[in-house]
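Below, each chain spelled out in residue letters.
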Amino acid sequence: MKKTPSHSGEALFFTEMSHSLRVFLKWTGLSILCGVPIGLAGAAFHYLIEEATHFREGHSFIIWLLPLAGVLIAWMYKAAGMETDGGTNTVLSSVRSEKVLRFRTAPLIFVSTILTHLFGGSAGREGAALQLGGSMGVQLGRLLRLDARSQHLLTLCGMSACFAALFGTPLTAALFAMEVVNVGAMYYAALVPCLFSALIGAGIAGWLGAAPTAFALENVPALSLETAVQAAGLGLLCAGISILFCVAVHGAAHGFRRFLPNTLVRAAVGGLLVACLTFLLGTTDYNGAGMGIVAQAIAGEARPEAFLLKILFTALTLGAGFRGGEIVPVFFVGATFGCAAAPLLGLAPGFGAALGLISVFCGVVNCPLASLMLGFELFGGQGLPLFAVSAAVSYMLSGYFGLYSSQRFFYSKTELMRVHWSAW
């Protein structure tokens, strides 16, 4: 009898293609379901933060109410049973474990971050975005009765969507969510879902009038041996600033917990310290996020001590238990330091500010690909090879320090070997 030729190869091909197509369509739909509501929430959050900032700037006396705002924030978390909540660290941990990310995280971080900005705490908004988006994403997964892995992936989608809605940087948002949890081991299965969610989140926010964060650069040098060495030198300095920022923020939190174990007292004391420092300096430059100062630095103007004062204000604010994030303060620190240090290396102050922003960001979050994409989306791709040089040097020399203690290093920064270490 004549044998029928085997078609196992063709069958396997069509089986794999059919499976991949079903997964693609599934996650396209889920990305839309995730990106639209989180984009709306991110846009609302963006506008409320802006309004809170404008009100504070027009009524500077409100900073003296910062201790009361801190007590209110601490009380809300205590009443919700989340007194020891780890913030963004909890979100990162939930992605790779069975830890439960509760829905109450979303309203708590939403309200508490607005209070922090309204009354003058030095904090950002991206930490809130990661918690808000991650919490909403995982709740969508539970609502749809998806398995644990799909819920973890929706957490990443939510992080991407809200980050993109706030900053208008969807490519950075997607890469950051994939890269930040485990350094050296990206979740490539999350590429399409995170990218689609981020694009939708940014699109929704843009449609509602939220302008993306972007800066115009001048005096961008061409790539050469000289400029590459200059960029590397600035990256080396930014690695040190990255370590200083992480040590200050973590050290302040540890000190507050040790000497002021009561969260209400801790928040009141921290708020009073920030208010008194503001009064002594006679300026509100270091309150809130400080994006205006970032813009001035990129335009070529920054006080040489500004980066140190911003580190101090941010460490006191976050260490005392106020909510928000660290990334925009990192932008402030990197931009003002880069602006001040660049002329010493022969670079233009404004371009040095841009390099400093990206390099310090890279040093504290340990996400080189997301950092490079951030340079592209914020500055339009000008001088991108020099951004890569500076960020790469900062990444390598900043060691295993990091903003997020839940971040895990899967591979060494200096050798081809696995390490499995936690960020300090």
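See the structure shown above.
Report follows, based on the coordinates. In this numbering scheme, every chain counts its residues from 1 along its sequence in written order. For this predicted model, a pLDDT threshold of at least 70 governs which residues receive local features, and a threshold of 80 or more governs which side-chain atom pairs are given and counted, while totals over whole chains, interfaces and linings are taken from all residues. The side-chain quantities take in all heavy atoms of the structure and omit both hydrogens and water.

## Thoughts on the overall build of the protein chain
Point 1. Secondary structure elements are defined from DSSP: runs of H or I of at least 4 residues count as helices, runs of E of at least 2 residues count as strands, and each element is numbered from the N terminus. On a plain count of helices and strands, the protein chain comes out with 16 helices and three strands.
Point 2. Radius of gyration means the value over C-alpha atoms here, while the globule rule gives 2.2 Å times the residue count to the 0.38 power. Its C-alpha atoms give the protein chain a radius of gyration of 22 Å, near enough to 22 Å, the size a compact globule of 424 residues would have.
Point 3. Counting only C-alpha atoms and orienting by the principal axes, one finds that the protein chain spans roughly 100 × 60 × 45 Å.
Point 4. Per-residue accessibility, obtained with a 1.4 Å probe over protein chains only, is compared with the maximum for each type, and a residue is labelled buried under 20%, exposed over 50%, and partly exposed between these values. Looking at the 424 residues of the protein chain, the share that counts as buried comes to 54%.
Point 5. Intrachain contacts of the protein chain at a sequence separation of at least 6 include 78% that bridge at least 24 residues.
Point 6. Accessible surface, the protein chain: about 17800 Å² in total, of which carbon and sulfur atoms supply 68%.
Point 7. His is not counted, nor are the chain ends, whereas Lys and Arg count as positive and Asp and Glu as negative. Charge positions come from single atoms, namely NZ of Lys, CZ of Arg, CG of Asp or CD of Glu. When the 23 basic and 19 acidic side-chain charges of the protein chain are each reduced to a single mean position, those positions are 14 Å apart. In this analysis, two residues are considered to be in contact whenever any of their non-hydrogen atoms come within 4.5 Å of each other. For the accessible areas, the method is Shrake-Rupley and the probe is 1.4 Å, while residue cover comes only from the protein chains on display.

## Structural notes on the layout of surface pockets
Point 1. In this model, the largest pocket occupies a volume close to 840 Å³.
Point 2. The distinction between a cavity and a pocket rests on a 1 Å grid over the protein atoms alone: a 1.4 Å probe fits inside a cavity but cannot get out, while a pocket stays open yet meets protein on both sides within 12 Å along at least five of seven lines, and a residue with an atom within 4 Å of a point counts as lining. Around the largest pocket, the lining comprises 34 residues; the ones closest to its centre are D85, G86, R257, L318 and R323.
Point 3. The dominant element in the lining of the largest pocket, judged by the number of residues it contributes, is helix α9 (residues 225-259), at five residues.
Point 4. For this classification, the nonpolar set comprises Ala, Val, Leu, Ile, Met, Phe, Trp, Tyr, Cys and Pro, the charged set comprises Asp, Glu, Lys and Arg, and every other residue, Gly included, is treated as polar. Its residues placed into classes, the lining of the largest pocket shows twelve nonpolar, 16 polar and six charged.
Point 5. A volume near 490 Å³ is recorded for the second largest pocket.
Point 6. Taken together, 25 residues line the second largest pocket, and the ones lying closest to its centre are T53, E57, G290, M291 and G292.
Point 7. Of all the secondary-structure elements, those providing two or more residues to the lining of the second largest pocket are α1 (8-58) and α11 (291-298). Grid points are joined across faces, edges and corners, and a volume is the space filled by probe spheres set on the points.

## Topic: the sheet that holds strand β3 (residues 418-422)
Point 1. Taken in spatial order, the three strands of this open sheet run β1-β2-β3, and their pairing is mixed. Edge positions in the sheet fall to β1 (182-183) and β3, since each of these pairs with one other strand and no more.
Point 2. We treat two strands as partners when DSSP finds at least two bridges between them. As defined by bridge partners, β1 adjoins strand β2 (residues 408-411) across two bridges and the pair is classed as parallel. Note on β2: the bridge partner recorded for V183 is F409.

## Observations regarding the environment of N219
Point 1. Mapped onto the elements, N219 comes out in the loop between α8 (191-207) and α9.
Point 2. N219 sits in the exposed class, given a relative accessible area of 61%.
Point 3. C-alpha of N219 to C-alpha of A348: the two residues are 129 residues apart in sequence and 6.6 Å apart in space.
Point 4. Apart from residues no more than four positions distant in its own chain, N219 is found in contact with A348 and F351.

## Description of the pattern of salt bridges
Oppositely charged side chains can form a pair if their charged atoms are brought close together.
Point 1. Between Lys or Arg on one side and Asp or Glu on the other, a salt bridge is scored when a side-chain nitrogen of the former is within 4 Å of a carboxyl oxygen of the latter. Going through the model one piece at a time under the given rule, you end up with three salt bridges.
Point 2. In this structure, the salt-bridge partner of E50 is R125, at a minimum N-O distance of 3.5 Å. Here R125 lies in the loop between α4 (105-119) and α5 (126-143) and E50 lies in helix α1, a separation of 75 residues in the sequence.
Point 3. The exposure class assigned to E50 is partly exposed, which follows from its relative accessible area of 28%.

## A look at the environment of R323
Point 1. Note that R323 resides in the loop between α12 (306-319) and α13 (327-341).
Point 2. Setting aside residues up to four positions removed in sequence, R323 forms contacts with I73, Y77, D85, G87, I109, S112, T113, T116 and A123.

## Some thoughts on the packing of aromatic side chains
Point 1. Each pair of aromatic rings taken from Phe, Tyr and Trp, with Trp reduced to its six-membered ring, is defined by centres within 6.5 Å and is described as stacked if the planes are under 30 degrees apart, edge-to-face if over 60, and tilted in the remaining cases. Applying the stated criterion across every chain yields a total of 15 aromatic pairs.
Point 2. Judged by centre distance (6.1 Å) and plane angle (80 degrees), the ring pair of F24 and F196 falls under edge-to-face. Residue F24 is found in helix α1, and its partner F196 is found in helix α8; the two are separated by 172 residues along the sequence.
Point 3. Since its relative accessible area comes to 38%, F24 is described here as partly exposed.
Point 4. The exposure class assigned to F196 is partly exposed, which follows from its relative accessible area of 25%.
Point 5. Considering the side-chain rings of Y286 and F332, the 5.9 Å spacing of their centres and the 55 degrees angle between planes classify their relative orientation as tilted.

## Brief notes about the packing of helix α10 (residues 263-281) against α12
Point 1. Note on definitions: angles span 0 to 180 degrees between N-to-C directions of axes, and those axes are lines fitted to C-alpha atoms, for helices only across the stretch in contact. Contact geometry for α10 and α12: axes closest at 8 Å, N-to-C directions at 155 degrees. Between α10 and α12, the crossing angle belongs to the class labelled roughly antiparallel. For the crossing formed where α10 meets α12, the hand is left-handed. Every residue of α12 that contacts α10 at R266, L273, V274, L277, T278 and L281 is listed here: L309, L312, F313, L316, T317 and G319. Roughly parallel refers to an angle under 35 degrees, roughly antiparallel to one over 145, roughly perpendicular to one between 65 and 115, and oblique to any angle outside these ranges. Working rule for handedness: look at the near helix, and if it is turned counterclockwise from the far one by less than a right angle, call the crossing left-handed; if clockwise, right-handed.

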